[in-house]
Amino acid sequence: MSTEKKRVQFRAPDRLIDRTDALATVLGEDRTDILVTALREYLQDATHDDALLQEIADAYYDDEISFEQLKSLVGAEEAANLRVLKQQLSDDFVDEVADV
């Protein structure tokens, strides 16, 4: 995992931040640790959802996200599979149009 960090600022409901701070106190961590852990777990869970995986693939096929972004979301192996499929779909489309 990269050790580089990027500062992010966002607004969240007071109650959510209060709960985050309370959990940080209980665990002896700071707010950032709790938020980073929650975000990491959310992204991990989200990329195991079939509907979301299809949306991610569609975004890649439509060139809305790069291969590197795809790889960071779904992992290297799945990203490689999707790249091959994208190429096959592109080739099939060219062949289909050429046959018309």
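Residues numbered from 1 in each chain as written. Predicted model: local features only at pLDDT ≥ 70, side-chain atom pairs only at ≥ 80, totals over all residues. Heavy atoms only, no water.

Colleague: I tried to follow the confidence of the model for the chain on my own but got confused; where do I start?
Modeller: When pLDDT is low, close inspection of the predicted coordinates is not appropriate. When the pLDDT values of the chain are averaged, the result is 89; 88% of them are 70 or greater. In the model of the chain, helix α5 (residues 76-99) stands out as the element of lowest mean pLDDT, 81, in contrast to helix α1 (residues 14-27), which has the highest, 96. (pLDDT = per-residue confidence, 0-100. Helix = DSSP H or I, 4+ residues; strand = E, 2+ residues; numbered from the N terminus.)

Colleague: Got a minute to help me understand the packing of helix α3 (residues 50-61) against helix α4 (residues 67-74) in this structure?
Modeller: The relative placement of two packed helices is expressed as an angle between their axes plus a distance between the axes. In the contact formed by α3 and α4, the axes pass within 10 Å of each other and the chain directions differ by 170°. Here α4 runs roughly antiparallel to α3, going by the angle between their axes. When α3 is examined against α4, the residues L53, I56 and Y60 are found in contact with a partner set consisting of F67, L70, L73 and V74. Its residues assigned to classes, the contact of α3 with α4 shows seven nonpolar, no polar and no charged. (Axes fitted to C-alpha atoms, helices over the stretch in contact; angles between N-to-C directions. Parallel < 35°, antiparallel > 145°, perpendicular 65-115°, else oblique. Contact = heavy atoms within 4.5 Å. Nonpolar A, V, L, I, M, F, W, Y, C, P; charged D, E, K, R; others polar.)

Colleague: Would you mind showing me how to read α4 here?
Modeller: Each α-helix winds once per 3.6 residues, and so residues spaced three or four apart point in a common direction. Within α4, burial applies to F67, L70 and V74. Mapping the buried residues of α4 onto a view down its axis gives an arc of 55°, with all of them on the same face. Phi turns positive one or two residues past the end of α4, at G75, with a value near 95°. (Buried < 20%, exposed > 50% of the residue type's maximum accessible area, 1.4 Å probe, protein only. Arc of directions from axis to C-beta.)

Colleague: Teacher, can you tell me more about α1 here?
Modeller: Taking 1.5 Å as the rise per residue, α1 with 14 residues should run 20 Å; its terminal C-alpha atoms sit 20 Å apart, in good agreement. Taken together, the buried positions of α1 are I17, T20 and A24. One side of α1 holds all its buried residues, which, seen down the axis, span an arc of 60°. In this structure, α1 carries D14, R15, D18, R19, T25 and V26 as exposed residues pointing more than 90 degrees from its buried face. Just beyond α1, the residue with positive phi is G28, at close to 70°. (Expected span 1.5 Å × (residues − 1).)

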